[in-house]
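# Residue-level structural notes
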Amino acid sequence: MGHDDLYRAGIGMTSQRTRERLLERLFEEGIRNLHVLEAIRRTPRHLFVDEALAHRAYEDTALPIGHNQTLSQPYIVARMTELLLGGGPLDKVMEVGTGSGYQTAILAQVVERVFSVERIYPLQERAKSVLRDINIRNVVFRHADGNWGWPQYGPYDAILVTAAPAEIPRELLAQLADGGRLVIPVGEHEQHLMLVVRQGDEFIHQQVEPVRFVPLLAGAIHS
Ligand code: SAH
């Protein structure tokens with residue numbers, strides 16, 4: 001095997017054993033959804049960060065991905081995915097904030113189709129290429145301001161947002177199917193993870209736990 005193949009497969013601090021320890025830790029932290037745990041077990045998180053950070057990829061910690069953005073800690077990725085799946089299997093899911101594409105990869109393994117929106121073009125291009133490399137094909141990407149959702153393919157059975165607005169964007173609520181679930185961090189200085197479930201024209205809000213995300217910004221940019 002050449003360097004690239006070895007790197008992809010994972011050696012040393014990115015090996016399968018290191019990954020198993022992360023799973024044990026997630027289980028201890030209360031993650032119980034087996035589909036989610038299995039997706040995390042299978043997914044090489046080290047490919048979603050810079051090579052210099054690969055040795056930290058299976059620690060339960062957030063990591064920088066450039067452009068002032070961060071890949072969420074595995075516990076948060078797992079928790080958000082588990083909350084989204086709480087009502088049963090999902091067909092169409094929109095994600096706002098593709099970032100490195102790691103959360104996208106986990107999501108894509110537990111739902112039918114993912115529609116992922118990112119405002120920073122180079123991040124999106126990189127995510128696309130990593131997902132292609134690890135053979136994840138049920139994701140489509142849009143370079144746009146996710147505050148407006150992706151109306152063309154809505155309504156969605158679930159929406160996952162990985163950057164925090166001060167208030168939940170109306171357009172995201174509008175693109176949620178009846179019975180659909182929205183998982184989103186909300187707040188400026190203090191943030192909480194929120195689960196919103198749509199029942200007809202009503203939206204049932206539930207505050208889940210305190211979190212820290214980068215802000216949901218306005219407008220799409222090219223660099
Ligand atoms: N889920 C990502 C990390 C999220 S960091 C991962 O697994 O790596 C938050 C991401 O949301 C960043 O990539 C940021 O550019 C993006 N973002 C922020 N505001 C946005 C908006 N209005 N529309 C789309 N993406 C947005």
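Cut-offs applied
- Residues numbered from 1 in each chain as written.
- Predicted model: local features only at pLDDT ≥ 70, side-chain atom pairs only at ≥ 80, totals over all residues.
- Heavy atoms only, no water.
- UniProt positions renumbered as here; feature names shortened; annotations may be inferred.
- Axes fitted to C-alpha atoms, helices over the stretch in contact; angles between N-to-C directions.
- Helix = DSSP H or I, 4+ residues; strand = E, 2+ residues; numbered from the N terminus.
- Parallel < 35°, antiparallel > 145°, perpendicular 65-115°, else oblique.
- Left-handed = near helix turned anticlockwise from the far one by under 90°.
- Contact = heavy atoms within 4.5 Å.
- Nonpolar A, V, L, I, M, F, W, Y, C, P; charged D, E, K, R; others polar.
- Near = heavy atom within 4 Å.
- Polar contact = N/O pair within 3.5 Å; in protein donor to acceptor, adjacent residues only side chain to side chain.
- Areas by Shrake-Rupley, 256 points an atom, 1.4 Å probe, with all protein chains shown as cover.
- Buried < 20%, exposed > 50% of the residue type's maximum accessible area, 1.4 Å probe, protein only.
- Lys, Arg positive; Asp, Glu negative; His and termini not counted.
- Salt bridge = Lys/Arg side-chain N within 4 Å of Asp/Glu carboxyl O.
- Arc of directions from axis to C-beta.
- Pairing = 2+ DSSP bridges.

- The name that an unreviewed UniProt entry assigns to the protein is Protein-L-isoaspartate O-methyltransferase, with the source organism given as Halopseudomonas pachastrellae.
- For the record of the protein, the UniProt heading Function (unreviewed entry) holds the text "Catalyzes the methyl esterification of L-isoaspartyl residues in peptides and proteins that result from spontaneous decomposition of normal L-aspartyl and L-asparaginyl residues. It plays a role in the repair and/or degradation of damaged proteins."
- Looking at the protein in UniProt, the text filed under Sequence similarities (unreviewed entry) is "Belongs to the methyltransferase superfamily. L-isoaspartyl/D-aspartyl protein methyltransferase family."

### Brief notes about the packing of helix α2 (residues 16-28) against helix α3 (residues 34-42)
- Contact pair α2 / α3: the axes reach a minimum separation of 9 Å and the direction vectors enclose 155°. Comparing their axes, α3 and α2 come out roughly antiparallel. In this structure, α2 meets α3 at a crossing whose hand is right-handed. Across the interface between the two elements, Gln16, Arg19, Glu20, Leu22, Leu23, Leu26 and Phe27 from α2 touch Leu37, Ile40, Arg41 and Arg42 from α3.
- Across the contact of α2 with α3, the residue classes break down as six nonpolar, one polar and four charged.

### Observations regarding the site of the ligand
- For the ligand, the set of nearby residues contains 26 residues, the closest of which are Ser100, Glu118, Asp145, Gly146 and Leu217.
- Within the backbone of Gly97, a nitrogen or oxygen atom sits 3.2 Å from a nitrogen atom of the ligand.
- Side-chain polar atom of Ser100 to an oxygen atom of the ligand: 2.6 Å apart, as the coordinates give it.
- Out of a free accessible area of 570 Å², the ligand has 99% covered by protein chains.
- Looking at which element gives the most residues to the shell around the ligand, the answer is strand β2 (residues 69-71), with three residues.

### Here we look at the side chain of Arg181
- Residue position: Arg181 is located in strand β7 (residues 176-186).
- In this structure Arg181 is buried but unpaired, with Glu82 as the nearest side chain of opposite charge at 9.7 Å.
- A distance of 3.3 Å separates the side chain of Arg181 from the backbone oxygen of Leu84, its partner in a polar contact.
- Ignoring sequence-local partners within four residues, the contact set of Arg181 consists of Leu83, Leu84, Gly86, Gly87, Asp157, Ala158, Ile159, Leu176, Leu195, Val196 and Val197.

### Digging into α3
- Those residues of α3 that fall on the buried side of the exposure criterion are Val36, Leu37, Ala39 and Ile40. An end-on view of α3 places all buried positions within 160° of arc, on one side of the element. When the buried face of α3 is taken as reference, the exposed residues oriented beyond 90 degrees from it are Leu34 and His35.
- On its buried face, α3 is in contact with α2, α4 (74-85) and α5 (102-108).
- By the N-cap criterion, in which a side-chain oxygen at the helix start approaches the backbone nitrogen of a residue two or three places on, α3 is capped by Asn33, the distance to His35 being 2.9 Å.

### Considering the pairing of strand β6 (residues 156-161)
- Most of β6 is tucked away: five of the six residues are buried.
- Two strands pair when backbone bridges link them, and strand β3 (residues 92-96) and β6 are joined in this way by four bridges, in the parallel orientation. Looking at the pairing, Val93 lines up with Ala158 of β6.
- Where β6 lies against β7, four bridges are found, and the strand directions are parallel. Paired with Ile159 across the bridge in β7 is Leu182.

### Considerations on the pattern of salt bridges
- Tallied over the full model, the rule gives 11 salt bridges.
- Salt-bridge contacts for Glu38 lead to Arg41; the nearest nitrogen and oxygen are separated by 3.1 Å. Of this pair, Glu38 and Arg41 both sit in helix α3, three residues apart, which is roughly one turn of that helix.
- Among the ionic contacts, a cluster of salt bridges with common partners joins Glu20, Glu38, Arg41 and Arg42.

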